[in-house]
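Examining the three-dimensional arrangement
One letter stands for each residue in the lines below.
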Amino acid sequence: MDIYQADKTLVCTSRVPGLKQTSLRILRNKMGNKVVATDPVGVREGNWVFTASGSAARFAAGDFEVLTDLTIAGIIDNWDESAG
Amino acid sequence: MDIYQADKTLVCTSRVPGLKQTSLRILRNKMGNKVVATDPVGVREGNWVFTASGSAARFAAGDFEVLTDLTIAGIIDNWDESAG
Amino acid sequence: MDIYQADKTLVCTSRVPGLKQTSLRILRNKMGNKVVATDPVGVREGNWVFTASGSAARFAAGDFEVLTDLTIAGIIDNWDESAG
Amino acid sequence: MDIYQADKTLVCTSRVPGLKQTSLRILRNKMGNKVVATDPVGVREGNWVFTASGSAARFAAGDFEVLTDLTIAGIIDNWDESAG
Amino acid sequence: MDIYQADKTLVCTSRVPGLKQTSLRILRNKMGNKVVATDPVGVREGNWVFTASGSAARFAAGDFEVLTDLTIAGIIDNWDESAG
């Protein structure tokens, strides 16, 4: 499971029906690369999170039918990336 | 889910039957690398999109039998890559 | 789906039974990295192709029982990599 | 399966229910990149381990319902990364 | 499927039960990065091999219940990496 920092909510008016009403969040890794994940946890911008990918992402979304390949699995407490 | 900018439609006269009549689109990430995705959304060249990969791609294609590993899941509104 | 240029046929006398009698082809991406894919399309050296990976590769091989993780899904017409 | 060195236990008070009561461990590869894995083996900080990813991670977690995409599969004895 | 050169056998006294009695082999790609794979073929140190990943790895291991994400699928004859 990978580690990202939550960025803004994704604004997306046109999407496939399979994503349903899920909340979509932009995440940023420490290299600055951005990805999009479904968010069943309810994170806030700036939170450090870890994610489940692949088929686990659909399970983690709380609804196996949600067509995602990346889901936020939890918020990491007191993460200090620079301490790595 | 990854973020790409839509490039041209892929011209491909010889392909496996499992891809059926799906529309294929070339996508380009911000590093300039290109991939091919099925497009159930109907994007236009220049649109910024996010994609579902793996088994979710087959679901997202709207037909689980379509043999893709990458499907456009939605168009991102007002994406400013450089603002990243 | 990723884009590769077909290289030589893979010569391999010892392989797992699950690969059956499939044709194996070496592919090379634009960085020069090489991978091996099953080829149900019948490509020729020098063709530019796109591939399906993961579980889709097994379906695309035309036989779900073939133990591959990468299958050539089609030949791209008139691909000009340098035009990217 | 990839090779990592075990780092600290992950402190995470908010996570998806699907992770249940699994132990979460931060792992670090030789480049210093960090990931999060479920730990059914019981490793100690500093151990070198190898991991199963994808759907195998759920099986390896000892409970297919655990929503992980990376699980520690074993501890490597006498690993000398620098000897590589 | 990726191309690696077989390195030493992995010595691992503590591992998850799901790996059963499979032989584990360290592989090294041409960049020198190391991974661990199950070996149903019986390779020798120095052989060049190609691997199946993901769910195909479990099938290729000859026992779908083996919890691996990478399995050696065959030995490549007369591979000359430098000729790439």
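Structure: above.
The shown structure was predicted, so the numbers you read here are calculated from the model rather than taken from an experiment.

Expressed as a screw operation, the relation of chain A to chain D combines 0.0 Å of axial shift with a rotation of 72°, fitting to an RMSD of 0.0 Å. Considering both components of the superposition, the chain copies are consistent with a five-fold axis. In terms of proximity to the rotation axis, the leading residue of chain A is glycine 54 of chain A, whose C-alpha is 5.5 Å off the axis. An overlap of only 4% is found between the interface residues of chain A and their copies at the interface of chain D, pointing to separate contact surfaces.

Of the residues lining the interface, 23 residues belong to chain C; the matching set on chain B comes to 23 residues. Interface area lost by chain C to chain B is led by Met1, Phe59 and Asp77 of chain C, which between them contribute 34%. The interface formed by chain C and chain B contains zero salt bridges. Direction of pairing for strand β2 (residues 14-15) of chain B relative to strand β6 (residues 70-75) of chain C: antiparallel, over a ladder of two bridges. When the bridges of β6 of chain C are listed, serine 14 of chain B appears paired with isoleucine 75 of chain C.

With no contact formed, the shortest span from any C-alpha in chain A to any C-alpha in chain C equals 10 Å. At their nearest point, the C-alpha atoms of chain C and chain D are still 10 Å apart, with no contact between the two.

With that settled, consider the interface of chain A and chain D. Contacts between chain A and chain D engage 23 residues on the former and 23 residues on the latter. Between chain A and chain D lies a buried interface of about 1,800 Å² when both sides are counted; carbon and sulfur atoms form 60% of it. The interface formed by chain A and chain D holds zero salt bridges in total. Here chain A and chain D share eight residue pairs in polar contact (both at pLDDT 80 or more) between them. Contributions of two or more residues to the side of chain A that touches chain D are made by β1 (2-9), β5 (48-53), α1 (55-60) and β6 (70-75) of chain A. Along the lines of polarity and charge, the residues of the side of chain A that touches chain D split into 15 nonpolar, five polar and three charged.

Okay, unusual backbone geometry next. Residues and elements named next belong to chain D. Despite not being glycine, lysine 20 has its phi angle at roughly 50°, a positive value. Residue placement: lysine 20 occurs in the loop between β2 (14-15) and β3 (24-28). According to the relative accessible area criterion, lysine 20 is partly exposed, its value standing at 37%. For asparagine 78, which is not glycine, the phi dihedral falls at a positive 55°. Inspection of the secondary structure puts asparagine 78 in the segment after β6 (70-75).

This next bit is on the pattern of salt bridges. Residue and element names in this part refer to chain C. By the definition in use, this model includes 15 salt bridges over all chains. Residue lysine 8 pairs with glutamate 45 through a salt bridge whose shortest N-O separation is 3.7 Å. Of this pair, lysine 8 sits in strand β1 (residues 2-9) while glutamate 45 sits in the loop between β4 (34-38) and β5 (48-53), placing them 37 residues apart in sequence. A residue is classified by how much of its surface remains accessible, and lysine 8, at 48% relative accessible area, is partly exposed. Given a relative accessible area of 51%, glutamate 45 falls into the exposed group.

Let's shift gears to the relation of the copies chain C and chain B. It takes a turn of 72° to lay chain C on chain B, together with a shift of 0.0 Å along the axis; the resulting RMSD is 0.0 Å. A low fraction, 4%, of the interface residues of chain C reappear at the interface in chain B, so the copies pair through non-equivalent surfaces.

Residue and element names in this part refer to chain B. For strand β3 (residues 24-28), the buried fraction is high: four of the five residues fall into the buried class. Note that strand β1 (residues 2-9) and β3 share three bridges and pair antiparallel. Counted as the bridge partner of threonine 9 is arginine 25 from β3. Bridge analysis of β3 against strand β4 (residues 34-38) gives five bridges, and the strand direction is antiparallel. Bridged to leucine 24 within β4 is threonine 38. Where β3 hands over to β4, the hairpin turn is made up of five residues, of which glycine 32 adopts a positive phi near 95°.

With respect to the helices and strands, the residue isoleucine 26 of chain A is situated in strand β3 (residues 24-28). With 32 residues separating them along the chain, isoleucine 26 of chain A and arginine 58 of chain A place their C-alpha atoms 17 Å apart. Among residues more than four places away in sequence, those in contact with isoleucine 26 of chain A are Gln5, Ala6, Asp7, Lys8, Thr9, Leu10, Lys34 and Val35 of chain A together with Trp79 of chain B.

Residue and element names in this part refer to chain B. Residue placement: threonine 71 occurs in strand β6 (residues 70-75). Between the alpha carbons of threonine 71 and phenylalanine 50 there is a distance of 8.6 Å; along the sequence they are 21 residues apart. Within the local environment of threonine 71, its side chain forms a polar contact with the side chain of threonine 38, the two groups lying 2.8 Å apart.

Another point: a nonpolar patch on the surface. Residues Phe64 of chain B, Phe59 and Phe64 of chain C together with Phe59 and Phe64 of chain E make up a contiguous nonpolar surface patch of about 380 Å² in total accessible area. Take phenylalanine 64 of chain B: it is sitting in the loop between α1 (55-60) and β6.

Looking now at the side chain of arginine 58 of chain C. Relative to the elements of secondary structure, arginine 58 of chain C occurs in helix α1 (residues 55-60). Although arginine 58 of chain C lies buried, it forms no salt bridge, and the closest oppositely charged side chain, glutamate 65 of chain C, sits 7.2 Å away as judged by the N-O distance. A distance of 3.1 Å separates a polar atom in the side chain of arginine 58 of chain C from a polar atom in the side chain of serine 55 of chain E. Discounting chain neighbours no more than four positions away, the residues touching arginine 58 of chain C are Asp63, Phe64, Val66, Leu67 and Thr68 of chain C together with Ser55, Ala56 and Phe59 of chain E.

Each value, and the rule that gives it
Residues numbered from 1 in each chain as written. Chains lettered and ligands numbered in written order. Predicted model: local features only at pLDDT ≥ 70, side-chain atom pairs only at ≥ 80, totals over all residues. Heavy atoms only, no water. Least-squares fit on C-alpha atoms with pLDDT ≥ 70 in both. Contact = heavy atoms within 4.5 Å. Buried area = accessible area lost by both parts, 1.4 Å probe. Salt bridge = Lys/Arg side-chain N within 4 Å of Asp/Glu carboxyl O. Pairing = 2+ DSSP bridges. Helix = DSSP H or I, 4+ residues; strand = E, 2+ residues; numbered from the N terminus. Polar contact = N/O pair within 3.5 Å; in protein donor to acceptor, adjacent residues only side chain to side chain. Nonpolar A, V, L, I, M, F, W, Y, C, P; charged D, E, K, R; others polar. Buried < 20%, exposed > 50% of the residue type's maximum accessible area, 1.4 Å probe, protein only. Patch = residues over 30% accessible without salt bridge, like charges linked within 9 Å, V, L, I, M, F, W, Y side chains within 5 Å. Areas by Shrake-Rupley, 256 points an atom, 1.4 Å probe, with all protein chains shown as cover. Lys, Arg positive; Asp, Glu negative; His and termini not counted.

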